[in-house]
Amino acid sequence: MKVLVIGNGGREHALIRALSQDSSVTGIWCAPGNGGTGQHATNIDVDATNPAAVATLASELAIDLVVVGPEAPLVAGVADAVRELGIACFGPSAAAAQLEGSKAFAKEVMAAASVPTARSFACTNSDQAEAALDAFGPTYVVKDDGLAAGKGVVVTDDRAQALAHAQDCDRVVIEEFLDGPEVSLFVITDGTDALALSPAQDFKRIDDNDEGPNTGGMGAYTPLEWAPNDLIDEVLATVVHPTLQEMQKRGTPFSGLLYVGLALTSQGVKVVEFNARFGDPETQAVLARLETPLGQLLLAASNGTLSQQPALIWNPGSAVTVVLAAPGYPQSPLTGEIITGIDHAEAVEGVMVLHAGTTINADGELTSSGGRVLSVTATGANLEQARARAYEALGHIDLRDGHYRTDIALKAAHSA
Ligand code: AMP
Ligand code: GLY
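Reading guide: rules and limits
Residues numbered from 1 in each chain as written. Chains lettered and ligands numbered in written order. Predicted model: local features only at pLDDT ≥ 70, side-chain atom pairs only at ≥ 80, totals over all residues. Heavy atoms only, no water. 1 Å grid on protein atoms, 1.4 Å probe; cavity = no way out; pocket = protein on both sides within 12 Å on 5 of 7 lines; lining within 4 Å. Points joined across faces, edges and corners; volume = space filled by probe spheres on them. Nonpolar A, V, L, I, M, F, W, Y, C, P; charged D, E, K, R; others polar. Near = heavy atom within 4 Å. Polar contact = N/O pair within 3.5 Å; in protein donor to acceptor, adjacent residues only side chain to side chain. Areas by Shrake-Rupley, 256 points an atom, 1.4 Å probe, with all protein chains shown as cover. Helix = DSSP H or I, 4+ residues; strand = E, 2+ residues; numbered from the N terminus. Axes fitted to C-alpha atoms, helices over the stretch in contact; angles between N-to-C directions. Left-handed = near helix turned anticlockwise from the far one by under 90°. Contact = heavy atoms within 4.5 Å. Buried < 20%, exposed > 50% of the residue type's maximum accessible area, 1.4 Å probe, protein only. Core = buried A, V, L, I, M, F, W, Y, C linked by side-chain atoms within 4.5 Å. Parallel < 35°, antiparallel > 145°, perpendicular 65-115°, else oblique.

**Describing the layout of surface pockets**
Then, number 1: Estimates place the volume of the second largest pocket at around 340 Å³.
Then, number 2: As for the second largest pocket, its lining consists of 20 residues, of which Ala18, Gln21, Leu287, Ala288 and Leu290 are closest to the centre.
Then, number 3: Here the residues of the lining of the second largest pocket sort into 10 nonpolar, seven polar and three charged.

**Focus on the site of ligand 1**
Then, number 1: Looking at ligand 1, there are 13 residues lining it, with Lys143, Glu175, Leu178, Glu182 and Glu273 nearest.
Then, number 2: Lysine 103 is positioned such that a nitrogen or oxygen atom in its side chain is 2.9 Å from an oxygen atom of ligand 1.
Then, number 3: Between ligand 1 and glutamate 273, the relevant distance is 2.7 Å, taken from an oxygen atom to a side-chain nitrogen or oxygen of the residue.
Then, number 4: A total of 470 Å² of accessible area belongs to ligand 1 in isolation, and the protein chains cover 89% of it.
Then, number 5: Of all the secondary structure elements, the ones that give two or more residues to the shell around ligand 1 are β7 (140-144), β8 (153-156) and β17 (268-275).
Then, number 6: For the shell around ligand 1, the class distribution of residues is six nonpolar, no polar and seven charged.

**A closer look at the packing of helix α7 (residues 126-136) against helix α8 (residues 159-168)**
Packed helix pairs are specified by the crossing angle of their axes together with the interaxial distance, meaning the distance between the axes.
Then, number 1: Between α7 and α8, whose axes approach to 10 Å, the crossing angle comes to 145°. Relative to α8, α7 is oriented so that their crossing is right-handed. Residue-level contacts link Ser126, Ala129, Glu130, Leu133 and Asp134 of α7 to Arg159, Ala162, Leu163, Ala166 and Gln167 of α8.
Then, number 2: When its residues are assigned to classes, the contact of α7 with α8 shows five nonpolar, two polar and three charged.

**A word on the side chain of serine 368**
Then, number 1: With respect to the helices and strands, the residue serine 368 is situated in strand β22 (residues 366-368).
Then, number 2: Judged by relative accessible area, serine 368 falls into the buried class, the value being 2%.
Then, number 3: Residue contacts for serine 368: discarding those within four places in its chain leaves Leu334, Thr335, Gly336, Glu337, Ile339, Gly357, Val373 and Leu399.

**What to know about the nonpolar core**
As a rule of thumb, nonpolar side chains are buried together in soluble globular proteins.
Then, number 1: Residues Val66 and Val260 are the most contacted members of the largest nonpolar core, which totals 83 residues.
Then, number 2: Per-element tally for this core: the top contributor is helix α9 (residues 231-249), with seven residues.
Then, number 3: Every residue in contact with valine 260, bar those within four places of it in the chain, is listed here: Val183, Ser184, Leu185, Val187, Val235, Val239, Val240, Val271, Glu273 and Phe274.
Then, number 4: If you look at the next biggest cluster of nonpolar residues, it comprises 35 residues, including Ile16, Leu197, Leu290 and Ala301.

**Remarks on the packing of helix α1 (residues 10-19) against helix α10 (residues 282-289)**
Then, number 1: Where α1 contacts α10, the axes come no closer than 8 Å and their chain directions differ by 15°. Relative to α10, the element α1 is oriented roughly parallel. Crossing angle aside, the handedness with which α1 passes α10 is left-handed. Counting all contacts with α1, which are made through Gly10, Arg11, Ala14, Leu15 and Ala18, the residues of α10 involved are Thr283, Gln284 and Leu287.
Then, number 2: Residue composition of the contact of α1 with α10, grouped by class: four nonpolar, three polar and one charged.

Here's what the structure looks like:
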């Protein structure tokens, strides 16, 4: 089968590397791609958020399966346009992608499906926002209703800052603060059946010890040795299936990847957020352990035959992903710097370098072009070994003033 992957990040590079291991995949294209995806796929420039442009491209290339990486194309209706041409697409319709596209919609669906989540109010003016902030008290959680590329959520004890964020947005969701560790659980679904991938944890803050501003994600690891054994079964029963049933009932079934962001609170497991696509950088770590052929799995989800899919096969070890960011990230990343040492890094056992904000310049040199430049993913017999390999590999990569966290999976490795 011929596969077209939409997107240009580390997640898409990870999807492409995994797809290239599936013997049923005979050709891979990536639109628009980055400086690394071109090694394993043919990069094609296209406006990923233009549904007609993506669908036309898929048709011209005689693609069998389109895999949409990021949320913006999904919310824009890329999956709908591709399916209208009779081409299989992994990713929800625009209507179903509202589970990520609107926090208020997600809350409404969760309420209708009795899914455990933080109590919340949707507010459209200052008076409502003030009332909601005071109803919950600190710590305040204020979320821009729409897509905000990870920058829409403010979590603070400062009421004035919380209110200011609410006033900056047209519509916000203000909710109860959830304590406890966070887990990212990815679920592949055809709208009815669902297969959970190995749970992962990501590191959202820029600096060690979870300090500094929020980012798109600075690292991840999987599996979570410390998580309860019945976590997946519980989340499938209390979150995933009720949500899928509610979406079907509304006439907007959700197929593709349901990203369930969870907090393991003192009062049980609660949903922090839904996303409508694979998470980045958790995907890099999760797919590094998946041995089931990815193309066949995503195709089964896209054509409604997931129930015939055998159980997933996992490499028994651990995987750790560490993101190398440009100086100035997340506020104002400095780009255009030359990157060297990737071959050397990939010579370390179990290591894969996955590109995100990279491009090949006019002289054929690999240069940085975004905030999260690349990530190093290492597998190992356990977290300790995977971590050691990832950090050894990072030591071989040169990006002037590049920054990475040194504590990805550190606590989990020590407590294992
Ligand atoms: P979201 O975009 O909803 O995932 O929020 C981004 C991040 O903000 C989450 O990963 C959490 O770290 C934090 N967050 C969101 N909602 C809550 C909440 N109700 N309580 C505590 N932290 C939250
Ligand atoms: N790693 C968080 C996200 O992809 O939204």
